[in-house]
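Descriptive analysis of the structure
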Amino acid sequence: MALTRREFLKRTAALTAASLVGMKLPFVLDQEAQAADADKWVRGVCRFCGVGCRVELGLKNGKPVAIRGVPDSRTNYGFLCMKGMLFYQIMNHPERLKKPLYRASKKDKFKEISWEEALDIAAEKFAQAVKNYGPNSVAYYGSGQALTEETYLFQKVMRAGLRTNNVEGNPRLCMASAVGGYLTSFGADEPIGSYADIEQAFCFFIIGSNMAEAHPVLFRRVMRRKLDNPKEVFVINADPRVSPTSRIADVHLQFKPGTDLALLNAMAYVIVEEKLYDENFIKNYCVFRVGKNKKKVSFEEYKKFLAAYTPERAAEICGGNITPDIIRLVARKFATSPATMSFWTMGLNQRIRGVWANNLVHNLHLLTGQLCRPGADSFSLTGQPNACGGVREGGGLCHILPGHRPVKVDKLRHQVEDLWGVPRGRIPAKPGYHTIAMFSAVNEGKIKAIWINCTSPAQSLPHVDKYRKGMAREDVFLVVTDIFPTKTTELANLVLPTAFHFEKTGVYGCTERRSQITVKTIDPPGEAKPEVWIVREWALKLAEKLNDPVIKKTVEPFIGLEEGFALPKAIWDEYTQKLTAHRDNDLRGATYEVLMQMPDGVQWPAPTKEWALKGGTYKKFVRGLDPLADKEAVDEKPYQFYGPAHKDRKLWIWLRPYKGAAEEPDAEYPFYLSTGRIIDHWHTTSMTGRIKELLRANPYAYVEINPKDAKRLGINPGDMVLVETRRGRNILPAKVYEGPMEGMVFVYWHDMHEERMINRVTKDAFDPGSKEPEFKICACRIKRISGPKPLKPYVVGHKI
Ligand SMILES: Nc1nc2c(c(=O)[nH]1)N[C@H]1C(S)=C(S)[C@@H](COP(=O)(O)OP(=O)(O)OC[C@H]3O[C@@H](n4cnc5c(=O)[nH]c(N)nc54)[C@H](O)[C@@H]3O)O[C@H]1N2
Ligand SMILES: Nc1nc2c(c(=O)[nH]1)N[C@H]1C(S)=C(S)[C@@H](COP(=O)(O)OP(=O)(O)OC[C@H]3O[C@@H](n4cnc5c(=O)[nH]c(N)nc54)[C@H](O)[C@@H]3O)O[C@H]1N2
Ligand code: SF4
Ligand SMILES: [Mo]
């Protein structure tokens, strides 16, 4: 389905083409990396975003010296962004954590201790909490960047060992609304199609996603498709802010943050009014539903619901450049294009109506039948490299067990207990705390011991000062596994140094259901250890301290295995062969042997080795393309929606009204504040802030202000600006440009400096369904406080 590298390059005059649309080119071809004259290249997958670019790590005399793209990769065709090119620098970085660090009191200084002592303390504290306060007093908070083997083992020990579903992770801040959207609309999580649809699409609807910076190499494919077919391919970008992604757009829809629910319903209105829908697709595959009880309604009732969203009314709600005509235009393009592909990310998910926003995009695809055909898909972009593989599939959230099994469903929970060989009833029937509830419980002292792995909530949570107070409590024992000092290690009792990418073995599953392995190539620095070793050893100590053989049982199959390869392999085998068997994410064919043989990995469902060796499934639900669609078929129709959550095997078109944000601007706080990303930094900058080229390019955050607002408030570029919300204040230099719409400011959240750390002012309201916080919208006021000031970049434990 995908282009070959040769075809791709033939059509690529990348540099000229990109400069035509004024793009600063973030893409780097492999030749440059080759100049580093490595003597050995080892295959793996990029450590950073959900695109999942295939990389090769270059070694010289056994030391990492370069990373390059792999020319024949079906994902990235040899291209990488700068983060992907440079992460080898993290491997030998002098600030890497190398020894376990401990302090009994958070007021004390850390001292180095041995692993034996460290694991003993961690086990003692968790055991004490369980004994004195019960299983609900302990918690694990993980990451969409942890390897699948790591998430799987942590959650197994927590659930079946310590008898708690307090297993959460940062994908709650990120993908939870997309999960909710897929489950409620399609009955099954994760995209139906693949990146290969890009080269077959004729209309791109990019909403709430700055792909050019957040998924740069994938965006490159969209850009190529557009530039090669400027007339045939139509690009719509819907974002209250003009971003680098907008540069390839034929139409940029700019509206007040949060109002796109009205916009999406109005697009549906036009599709229905002008009869642009696909009657057969709706008749064969869809039903209409409304409300908490998922009540079934008729198409007529849906039409009545849409009457409130005429393009005229939506234009009024949306503001910005939205007019009735432009809504009609984009609705027609969406519906009538030979194949339409939507992309969205946090602009939709990080909202108190995140699930609804997802449903409304899916609705457009369902109405028009823009689904399941080549180039037609409703494709959520995942942010982190393993939020899909590890967390959504591996059981990394409080309400889901491995293999897409809801905790609440008795039958499925018991299945997991049986597969693990632990007594039924061992896993509680009630889901644990979701992220905000978990850190609220920490605040209230209900959680006595918490393990934070591969994430830094002391910077990434919304309204973070509120939750840092809890983490700083003396009666909360905080263990952090990381590779560097962070804002969260600053609050820890015990800091455990872990191995980094290429220093351990494991699998990442990217946005398009693709699992890719990275095999241990170099040793971690100092005494740093892979997480799977840490959890296993910790669990053995817990079993002794709580005198509980079931805890031991959770890690029994893994005892004594060598940690670099044999241990993660055994964990992967257990997970795939037992827990994914007969589930929609069946990965039984994707063994380590197969993954090592398949340069681009395998897309699930891949129930057999034979299918996995063909690369797996490019499109779910389509007979002939998806083995499960054939196996589960109930009639002759070409598409079989066997998704586990919809018994009726239908796709659901939802009646979802427009509702505003949790905190709208008012007289006191008249601006919308939105937060997000730039291309060269990754989240908290614990990693990219330590790569000199990346830090130099973007040494500190700024506040983006529309020129009209800046003029009105007397703010010049570079001036220091106070950004204030009901929760706190930041001081940031101004960047004045036609990016954010009038009345809106935007700040990237990567900066660790207390004055510029934007989560000190964001709001922790969350979606009632997905529990995902509304990072994208709150109200603020801004004020010039001085002219430009020299600023210094700042990374914890590392001053420049
Ligand atoms: N360089 C880089 N790449 C990354 C990451 C990184 O840190 N750095 N992180 C990865 C992760 S984990 C994630 S989740 C993704 C995130 O990827 P994206 O979601 O693409 O990135 P953001 O910058 O968070 O937000 C995207 C856009 O949402 C818009 N937005 C704000 N409010 C609204 C609204 O009301 N409606 C709509 N439609 N849009 C709105 C913002 O203006 C912004 O342009 O990126 C991944 N890739
Ligand atoms: N204001 C605002 N806040 C946001 C967002 C936003 O858009 N706006 N986006 C949210 C989203 S989408 C996300 S995904 C979160 C991300 O937020 P975080 O997960 O908190 O951010 P990261 O910097 O990715 O944290 C990863 C940590 O893992 C460490 N690490 C790296 N490799 C390893 C390893 O192999 N093992 C271990 N144990 N540790 C390792 C890194 O040093 C780093 O400290 O932030 C959320 N916060
Ligand atoms: S686009 Fe994403 S996966 Fe690809 S090199 Fe850049 S950060 Fe890595
Ligand atoms: Mo994310």
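All figures in this text were calculated on a predicted structure; none of them were measured in a lab. (Residues numbered from 1 in each chain as written. Chains lettered and ligands numbered in written order. Predicted model: local features only at pLDDT ≥ 70, side-chain atom pairs only at ≥ 80, totals over all residues. Heavy atoms only, no water.)

For the rest of this paragraph, the subject is the overall build of the protein chain. A tally of helices and strands in the protein chain yields 30 helices and 31 strands. Here the protein chain has a C-alpha radius of gyration of 25 Å; the compact-globule value for 800 residues is 28 Å, and the two agree. Oriented by its inertia axes, the alpha-carbon framework of the protein chain measures out at about 70 × 70 × 55 Å. Residues counted as buried form 68% of the 800 residues belonging to the protein chain. Of the roughly 26400 Å² of accessible surface on the protein chain, 53% is carried by carbon and sulfur atoms. (Helix = DSSP H or I, 4+ residues; strand = E, 2+ residues; numbered from the N terminus. Rg over C-alpha atoms; globule rule 2.2 N^0.38 Å. Buried < 20%, exposed > 50% of the residue type's maximum accessible area, 1.4 Å probe, protein only. Areas by Shrake-Rupley, 256 points an atom, 1.4 Å probe, with all protein chains shown as cover.)

What follows concerns the site of ligand 3. Residues in contact with ligand 3, as listed here, are C46, F48, C49, G52, C53, L80, C81, K83, G84, P216 and V217. Residue assignment for the shell around ligand 3 shows that the elements contributing at least two residues are helix 4 (82–86) and helix 10 (216–228). Residue composition of the shell around ligand 3, grouped by class: 8 nonpolar, 2 polar and 1 charged. (Near = heavy atom within 4 Å. Nonpolar A, V, L, I, M, F, W, Y, C, P; charged D, E, K, R; others polar.)

Before going further, it helps to examine the pattern of salt bridges. As enumerated under the stated definition, the model contains 57 salt bridges in all. We note a salt bridge from E531 to K504, for which the minimum N-O separation is 2.8 Å. With E531 in helix 23 (residues 531–545) and K504 in the loop between strand 19 (494–497) and strand 20 (506–509), this pair connects stretches of sequence that are 27 residues apart. Between E563 and K529 there is a salt bridge whose closest N-O contact spans 2.9 Å. Of this pair, E563 sits in the loop between helix 24 (549–555) and helix 25 (566–579) while K529 is found in the loop between strand 21 (514–518) and helix 23, placing the two residues 34 residues apart along the sequence. Residue K529 is classed as buried on the basis of its relative accessible area, which comes to 19%. A network of salt bridges, in which partner residues are shared, links D465, R468, K487, E490, E754 and R760. (Salt bridge = Lys/Arg side-chain N within 4 Å of Asp/Glu carboxyl O.)

So, on to the side chain of R351. You can see R351 is positioned in the loop between helix 16 (346–349) and helix 17 (354–368). When its relative accessible area of 3% is taken as the criterion, R351 is described as buried. Apart from the residues lying within four places of it in its own chain, the contact partners of R351 are G258, D260, L261, D767, E772, P773, E774, K776 and I777. (Contact = heavy atoms within 4.5 Å.)

Before going further, it helps to examine helix 15 (residues 324–336). Here helix 15 contains 13 residues, and its C-alpha end-to-end distance of 18 Å stays within 8% of the 18 Å for a straight helix at 1.5 Å per residue. Those residues of helix 15 lying buried are I326, I327, R328, V330, A331, F334 and A335. (Expected span 1.5 Å × (residues − 1).)

Here the focus is the sheet that holds strand 14 (residues 377–380). Ordered by their spatial adjacency, 5 strands build an open sheet running 10-9-8-13-14, and the pairing between neighbours is parallel. Sheet topology places strand 10 (251–253) and strand 14 at the edges, where each strand pairs with a single neighbour. On average, each strand axis in the sheet is inclined to that of its neighbour by 15 degrees, with strand direction left out of account. Of the strand pairs in this sheet, strand 9 (residues 234–238) and strand 10 are connected by 3 bridges, and their pairing is parallel. Each residue of the ladder has a partner; that of N237, found in strand 10, is H252. Against the sheet, helix 17 makes contact with strand 8 (203–207), strand 13 (340–344) and strand 14, and its axis sits at roughly 175 degrees relative to strand 13, the strand it touches most. (Pairing = 2+ DSSP bridges. Axes fitted to C-alpha atoms, helices over the stretch in contact; angles between N-to-C directions.)

This next bit is on the confidence of the model for the protein chain. Predicted coordinates in areas of low pLDDT are best not read in detail. Mean pLDDT over the protein chain works out to 95, with 95% of the residues at or above the 70 mark. Per-residue pLDDT stays below 50 along residues 1–26; that stretch engages in 57 contacts with residues further than four places along the chain or on separate chains. (pLDDT = per-residue confidence, 0-100.)

This paragraph deals with the packing of helix 7 (residues 148–161) against helix 23. One way to put it is that helix 7 packs onto helix 23 with a least axis distance of 9 Å and a crossing angle of 15 degrees. Taken as axis vectors, helix 7 and helix 23 run roughly parallel relative to one another. Taken as a pair, helix 7 and helix 23 cross one another with a handedness that is left-handed. Residues E149, E150, L153, F154, V157 and M158 of helix 7 touch helix 23, and the partners they reach there are E531, V532, V535, R536, W538, A539 and L542. Residues belonging to the contact of helix 7 with helix 23 are distributed by class as follows: 9 nonpolar, no polar and 4 charged. (Parallel < 35°, antiparallel > 145°, perpendicular 65-115°, else oblique. Left-handed = near helix turned anticlockwise from the far one by under 90°.)

Turning our attention to the packing of aromatic side chains. A full pass over the atoms with the stated rule returns 37 aromatic pairs. An aromatic cluster is defined as three or more aromatic residues linked by ring pairs; in this entry it consists of Y152, W420, F565, W572, Y575 and Y592. If you follow R225 out to its NZ or CZ, it ends over the ring of F202, 4.8 Å from the centre. Over the face of the ring belonging to W652 we find R289, whose NZ or CZ atom lies 4.1 Å from the ring centre. (Phe/Tyr/Trp six-rings, centres within 6.5 Å; stacked < 30°, edge-to-face > 60°. Lys NZ or Arg CZ within 6 Å of the ring centre and 35° of its normal.)

Turning next to the site of ligand 1. In the vicinity of ligand 1 there are 34 residues, among which N210, A214, D239, R677 and H681 approach most closely. In this structure, N210 approaches ligand 1 through a main-chain N or O atom, which is 2.7 Å from an oxygen atom. Backbone polar atom of A238 to a nitrogen atom of ligand 1: 3.5 Å apart, as the coordinates give it. Compared with its free state, where it exposes 910 Å², ligand 1 has 100% of that area covered by protein. Mapped onto the shell around ligand 1, the elements with two or more residues apiece are helix 9 (211–214), helix 16 and strand 24 (671–676). The residue inventory of the shell around ligand 1, partitioned by class, reads 13 nonpolar, 13 polar and 8 charged. Two domains each put at least three residues into the shell around ligand 1: domain 3 (176–380) and domain 4 (671–786). (Polar contact = N/O pair within 3.5 Å; in protein donor to acceptor, adjacent residues only side chain to side chain. Domains from an automatic or database assignment.)

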